[in-house]
Amino acid sequence: MRLGLIAGNGRFPFLVLDAARSMGHDVTIIAAKEEAFEDLNEAATRAHAEIHWISLGQLGKCITLMKDAGVSHAVMAGQVKHTKIFAGGIMPDMQFMALLMKLPSKNTDGLIGAVASVLKDNGIELIDSTALLKPMLATAGVMTTRAPNEEEQKDFEFGYGMADAIAGLDIGQTIAVRHRAVVAVEAMEGTDEVIGRAGHLAGAGVRIIKVAKPKQDMRFDVPVVGLATVQAMRVTGAAALSVDAGKTLMFDRDTLLASANDAGITIVGREKT
C-alpha cells in the first residue's frame, strides 16, 4: 500500500514516516511549506519516499499529487496552526475556497473534517493518525516516580469536567488548575503557551490537564505531549500533568518521563470510563 503523509509542524511526521517504512509501506509525503521542518527532506531521502512541498490552502494540488502517486490511504501528522486562517497565513486555491465557503464555522473539527470528506470523495481514505504509533500512546495510571498528592488529585478531579466540556466545544484541550480554580484555558495558542501563562498568573504549583475530545476523531487533532511540554512545566514550576490514556501521544516518552522525574513532576494517564 502507498500511504500519503500530510505533514505539518513538529516531529510527528518523522515518527509516522519511520513507522510506515518499517512496516513496508511506500510513502508519498505532502509537506506544508509554512509548517513542516526542512529536515523532512533528509528523512524522505533516507526512507526512499517521495516528497512534495506545497503551500497551505493548496488542497487541489495535494489531492492531485496523491492521486498521481496512487495513494489510497493518508495520515495527517503534525500541527498546522489554526491561527493562520485568521492571520492571512493561507492562500486558498479554488477547491479549498469552495470548502471554506460551505463551512458554517471554521473550528478545527469543522475544517479538518471537511478536508477529510473531500479526500474521501477523491478516493483517499484518511486513517487514524496514531495507527502506526500505538506504543507511543499514554498508558493508564501513574507514569512517573511520584504519584499525585491529595491536593493535586483534587485539582485533577475538579478540572476534568471543565476540560472535557471545553474540548467538547472544540475550544481547546488543555486547562491549568490550582486550588480548585481554573487559571488558564487553551484556545488556539497551544499547550506550552497555556502552561507559561498559568505560571505567570498563579505561580509555581499549577496542575495541567490535557484531554481528548469526548468524541475524539483519531484521524486528526489528537492530543500530543513531548519533552517541550515538561520543559515548559519546569520553567513555570507546574507540578502535575494529567493526560488521557490511549488518546494522547507521548513523544520521546523515556526522555520526557526522566525529565519529569528529575523535576519531581507527576504525570498520570486518566482512563476515561
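Everything below is about the structure shown above.
Throughout, a residue's number is its position along its own chain's written sequence, starting from 1. Where totals are concerned, whole chains, interfaces and linings use all residues; where local detail is concerned, this predicted model gives features only for residues with pLDDT of at least 70, and gives and counts side-chain atom pairs only at 80 or more. Calculated side-chain values reflect all of the structure's heavy atoms, with hydrogen atoms and water omitted.

**Points about the overall build of the protein**
The secondary structure listing takes helices from DSSP runs of H or I that are at least 4 residues long and strands from runs of E that are at least 2 residues long, numbered from the N terminus. Helix and strand counts for the protein stand at 9 helices and 13 strands. Within these notes, the globule rule equals 2.2 Å times the number of residues to the 0.38 power, and the radius of gyration is based on C-alpha atoms. Here the C-alpha radius of gyration of the protein, 19 Å, is about what a compact globule of 273 residues would show, namely 19 Å. Reported as C-alpha extents along the three principal axes, the dimensions of the protein are approximately 55 × 40 × 35 Å. Expressed as a percentage of its 273 residues, the buried residues of the protein come to 50%. Note on contacts: a residue pair qualifies if any of its non-hydrogen atoms lie within 4.5 Å across the two residues. Partitioning the intrachain contacts of the protein with sequence separation of at least 6 by distance along the chain shows that 73% fall at a separation of at least 24. Surface accessibility in these figures is a Shrake-Rupley result with a 1.4 Å probe; residues are shielded only by whichever protein chains are displayed. Of the roughly 12300 Å² that the protein leaves accessible, carbon and sulfur atoms contribute 55%. Taking the average place of the 28 positive charges on the side chains of the protein and the average place of its 32 negative ones, the gap between the two points comes to 2 Å. We call a residue buried when its accessible area falls under 20% of the maximum for its residue type, exposed when it is over 50%, and partly exposed in between, using a 1.4 Å probe and counting protein chains only. In this tally Asp and Glu are treated as negative and Lys and Arg as positive; neither His nor the chain ends contributes. Charge coordinates come from a single atom per side chain, which is NZ of Lys, CZ of Arg, CG of Asp or CD of Glu.

**A closer look at the environment of Val268**
Inspection of the secondary structure assignment puts Val268 in strand S13 (residues 266-270). Each C-alpha atom, one on Val268 and one on Ser242, is 4.9 Å from the other, the two residues being 26 residues apart in sequence. Not counting residues within four places of it along the chain, the set of residues in contact with Val268 comprises Gly141, Val142, Met143, Pro148, Phe156, Tyr160, Leu241, Ser242 and Val243.

**Remarks on unusual backbone geometry**
The backbone phi angle of Asp170 is positive, close to 60°, even though this residue is not glycine. Along the chain, the position of Asp170 falls in the loop between helix H6 (150-168) and strand S7 (174-178).

**Quick word on the environment of Met162**
Following the sequence through the fold, Met162 ends up in helix H6. For the pair Met162 and Trp53, spaced 109 residues apart in sequence, the C-alpha to C-alpha distance is 39 Å. Every residue in contact with Met162, bar those within four places of it in the chain, is listed here: Ile175 and Val182.

Remember, this is a structural readout, not a statement about activity or role.
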